[in-house]
Amino acid sequence: MKTITEMKRMKTEGEKIVMMTAYDFPTAVFAEKSDVDILLVGDSLGMVVLGYPSTVYVTADDMVHHGKAVRRGAKDTFLVVDLPFGTFRGSQDRILSEAIRVFQETGADALKVEGADEVLNTIQLLTSTGIPVVAHLGLLPQSASVSGGYKVQGKTADAARKLLDDAELCEQAGACMIVVECIPHQLTKQLTKAVNIPIIGIGAGAAADGQVLVFHDLVKYGEHRLPKFAESFSDAGKVIQEGISAYTNAVRTGIFPDMRHQFTMKEEELVNLYG
Ligand code: KIV
Ligand code: NA
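Residues numbered from 1 in each chain as written. Chains lettered and ligands numbered in written order. Predicted model: local features only at pLDDT ≥ 70, side-chain atom pairs only at ≥ 80, totals over all residues.

Visitor: It is not clear to me how unusual backbone geometry should be interpreted in this structure. Could you clarify?
Guide: A negative phi holds for most residues other than glycine; trans holds for most peptide bonds. Cis geometry is found at the peptide bond from Phe256 to Pro257, where omega equals 0 degrees. Locating Pro257 in the fold gives a position in the loop between helix 11 (236–253) and helix 12 (267–274). Although it is not a glycine, Asp35 sits at a positive phi angle of roughly 60 degrees. Its location among the elements puts Asp35 in the loop between helix 2 (25–33) and strand 2 (38–41). (Helix = DSSP H or I, 4+ residues; strand = E, 2+ residues; numbered from the N terminus.)

Okay, structure coming up:
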């Protein structure tokens, strides 16, 4: 497993860090076989797996349920689990107990929280408790309904300055890594220079220290529209659709099952059965 120290070294030496989301056991097994550096059980779970319209419906129990499955499939890959909407808003005591629960029950190596400002306290609290924290800046899906939806962040000088300040504050609060979502590539370049912790980008261009993609986008699994910044590297959806259609057809036409799929009892038992 790559440690945080190892990933900081990768940043220093310009070796790209590869991160992807996973939500279940088989995906985790595949990812570990492909030597992915970091697995993220993202709260994108809500949309791509559970069919909700946004991430705000995802609960800590959902994260635990899926986080455990991913851990079982990838015991030797750095595992990050999102703290979902609702868990890290509230009293510091409640935040801490929910975070400890998700951390312990999933066996994650770090938890991810969205935002800066009041979230900086949470980053500091969790870190000082011994829970490594990945920060998440730029587009923040959990608060997109307040901040004006899913669009590119940090495009003006002021907004970019705020993002740079936030990144430094996240690092000071103890964050071990920062995910940045949907920001101009020039800003990503500045961000990677501004902090010593790895910057992992999604929709943030090539300058980031690493990249993260949602599993369902990267293998094209699902009916959803691919965001501009994503790329599909295979077409799982097509293969799955073909498989299900072929199965449907085979059952209806009597092609499946055939001799190879059935079990046989001895003739003498049949005779006994009929008396
Ligand atoms: O939930 C998620 O998948 C994420 C990534 C987009 C970084 O937070
Ligand atoms: Na997320």
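After presenting the structure, the write-up continues.
Visitor: Help me understand the sheet that holds strand 1 (residues 17–21), please; the structure alone is not making it clear to me.
Guide: Read around the closed barrel, 8 strands run 1-2-3-4-5-6-7-8, paired in parallel fashion. If you compare each strand with its neighbour and ignore which way they point, the axes differ by 25 degrees on average. Bridge analysis of strand 1 against strand 2 gives 3 bridges, and the strand direction is parallel. Each residue of the ladder has a partner; that of Met20, found in strand 2, is Leu39. Contacts between helix 8 (residues 157–173) and the sheet are confined to strand 5 (133–138) and strand 6 (177–181), with strand 5 contributing the most and set at about 175 degrees to the helix. In this fold helix 9 (residues 185–194) packs onto strand 6 and strand 7 (199–202), with an angle of close to 165 degrees to the strand it touches most, strand 7. (Pairing = 2+ DSSP bridges. Axes fitted to C-alpha atoms, helices over the stretch in contact; angles between N-to-C directions. Contact = placed C-beta atoms within 7 Å.)

Visitor: Just to check I follow, could you spell out the pairing of strand 6 for this structure?
Guide: Note on strand geometry: in a regular strand, side chains alternate between the two faces of the sheet. Burial of strand 6 is extensive: 5 of the 5 residues sit out of reach of the surface. Looking at chain direction, strand 5 and strand 6 are connected through 5 bridges and run parallel. Note on strand 6: the bridge partner recorded for Gly138 is Glu181. Sheet topology note: the strand 6/strand 7 ladder contains 4 bridges and is parallel. Looking across to strand 7, one finds that Val179 is bridged to Ile200. Between the parallel pair strand 6 and strand 7, the chain is carried across by helix 9, and the sense of this crossover is right-handed. (Buried ≥ 20, exposed ≤ 12 C-beta atoms within 10 Å, placed from the backbone. Right-handed = clockwise from strand over helix to strand, strands pointing away.)

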